[in-house]
Amino acid sequence: MEIKGFIFDLDGVLVDTAHFHAECWSEMAEGIGIKLSQSDLDNMRGVGRMDSLEMILRHTNKQYADQEKLKLAELKNQCYLQKVNQLTPGDELPETKTFLEKTREEEIKISLGSSSKNAKLVLSKLEFNELFDAICDGTDITKSKPDPQIFQIACEKLELPAQQCIVFEDAEEGIKAALAAGCCAIGVGPKDSPAFRKAHYVIEGFEGWTPKQLIKNLKQTFS
Ligand code: G6P
Ligand code: MG
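As the structure is a computational prediction, the values presented were derived from the model and not from experiment. (Residues numbered from 1 in each chain as written. Chains lettered and ligands numbered in written order. Predicted model: local features only at pLDDT ≥ 70, side-chain atom pairs only at ≥ 80, totals over all residues. Heavy atoms only, no water.)

A. Spotlight on the coordination of the magnesium ion (ligand 2). Note on the magnesium ion (ligand 2): its protein donors are Asp-9 (OD), Asp-11 (O) and Asp-170 (OD). The metal-donor distances range over 2.0 to 2.2 Å. All donors of the magnesium ion (ligand 2) come from a single chain, and their spacing in sequence reads D-x1-D-x158-D. Taken together, the residues span a long stretch of sequence, with Asp-11 in the loop between β1 (5-8) and α1 (18-31) and Asp-170 in the loop between β4 (165-169) and α8 (172-181) at a distance of 159 residues. The class of Asp-11 is buried, set by a relative accessible area of 10%. (Donors = N, O, S within 2.8 Å, 3.2 Å for Na, K, Ca; no water. Helix = DSSP H or I, 4+ residues; strand = E, 2+ residues; numbered from the N terminus. Buried < 20%, exposed > 50% of the residue type's maximum accessible area, 1.4 Å probe, protein only.)

Written out as structure tokens, the structure reads:
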């Protein structure tokens, strides 16, 4: 197994925006009388905007017309944008920038693989754009994770077969998508998280890791 590409999810992997999504969905849901539990919010991690909304609306018998659904999604997005607009360089998760820079030095190609339509804005707030060879976001896909589409497109953009790419993900739906695409899947987050049951490897974060060491450890788990 020769690894030539890294594909990074954004929210919850490179930057702690996953809780912005959760806070804004909670607020929007409360506005229509729905109280979301922590596990509802966890299950929505990595899921695209309209699919997330559908998950919320399963909590009510009330029928919403398409126009109303778009309005609700827009309300949530306005809340999210307010938070994202306050991000500045340095707000990324610890050592993610160093890890991306080392990845480039080792000539491993880098793509983003995020379902978010706001991904480019977040990257620009962090001044991360130039670290990426390719960007795949919510504007590239028609099917949300756990569908493999986003990672298949990322591999195509990197011109690499899926088996040569590692996906970094914080969400169970993302791990499923990575595996379905045929990529190697690394969970980023608590080692004992059930979300990572199927992941090939788990790291708590990027602190203390170099791409070389990570690939070495991964290979050892396969041998
Ligand atoms: C990411 C996040 C999800 C979010 C989705 C769509 O995958 O993990 O929580 O719902 O992107 O984000 P957007 O910014 O397009 O609403
Ligand atoms: Mg994520």
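On we go.
B. View of the packing of helix α4 (residues 66-84) against helix α6 (residues 119-126). Two elements in contact, α4 and α6, have axes separated by 11 Å at closest approach and are oriented at 15°. Comparing the axis directions of α4 and α6 gives the class roughly parallel. For the pair α4 and α6, the sense of crossing is right-handed. On α6, the residues touching Tyr-80, Leu-81 and Val-84 of α4 are Leu-121, Val-122 and Lys-125. Class assignment of the residues belonging to the contact of α4 with α6 gives a composition of five nonpolar, no polar and one charged. (Axes fitted to C-alpha atoms, helices over the stretch in contact; angles between N-to-C directions. Parallel < 35°, antiparallel > 145°, perpendicular 65-115°, else oblique. Left-handed = near helix turned anticlockwise from the far one by under 90°. Contact = heavy atoms within 4.5 Å. Nonpolar A, V, L, I, M, F, W, Y, C, P; charged D, E, K, R; others polar.)

C. Examining the site of ligand 1 more closely. Lining the immediate environment of ligand 1, one finds Asp-11, His-21, Met-44, Gly-46, Val-47, Arg-49, Ser-52, Lys-76, Ser-115, Ser-116, Lys-117 and Asn-118. Contact distances for ligand 1 include 2.6 Å between an oxygen atom and a side-chain N or O atom of Ser-116. Contact with the protein chains hides 97% of the accessible area of ligand 1, taken as 390 Å² for the molecule alone. Each of domain 1 (5-16 + 88-222) and domain 2 (18-84) contributes no fewer than three residues to the shell around ligand 1. (Near = heavy atom within 4 Å. Polar contact = N/O pair within 3.5 Å; in protein donor to acceptor, adjacent residues only side chain to side chain. Areas by Shrake-Rupley, 256 points an atom, 1.4 Å probe, with all protein chains shown as cover. Domains from an automatic or database assignment.)

D. Looking closely at the domain arrangement of the protein chain. Along its sequence, the protein chain is organised into domain 1 (5-16 + 88-222) and domain 2 (18-84). On a C-alpha basis, the centres of domain 1 and domain 2 stand 24 Å from each other. With 15 residues of domain 1 at the interface, the matching set in domain 2 holds 14 residues. At the junction of domain 1 and domain 2, the tally comes to one salt bridge. No other element matches α6, which puts three residues into the side of domain 1 that touches domain 2. Split into classes, the residues belonging to the side of domain 1 that touches domain 2 amount to four nonpolar, four polar and seven charged. (Salt bridge = Lys/Arg side-chain N within 4 Å of Asp/Glu carboxyl O.)

E. Spatial organisation of the nonpolar core. Residues Phe-6, Phe-8, Phe-132, Ile-166, Phe-168 and Ile-203 are the most contacted members of the largest nonpolar core, which totals 38 residues. Broken down by element, the residue count for this core peaks at four residues, all from α6. Discounting residues that sit within four places of it in the chain, Ile-166 has contacts with Ile-3, Gly-5, Phe-6, Ile-7, Cys-184, Ile-186, Ile-215 and Leu-218. The next biggest cluster of nonpolar side chains, apart from the first, holds 24 residues, and it includes Ile-153, Ala-181, Ala-185 and Phe-196. (Core = buried A, V, L, I, M, F, W, Y, C linked by side-chain atoms within 4.5 Å.)

F. Summary view of the packing of α1 against α4. Two elements in contact, α1 and α4, have axes separated by 9 Å at closest approach and are oriented at 140°. Taken together, the axis directions place α1 and α4 in an arrangement best described as oblique. When you trace α1 past α4, the crossing you get is right-handed. Facing α1, whose interface residues are Phe-20, His-21, Glu-23, Cys-24, Trp-25, Glu-27 and Met-28, α4 presents Leu-72, Leu-75, Lys-76, Cys-79, Tyr-80, Lys-83 and Val-84.

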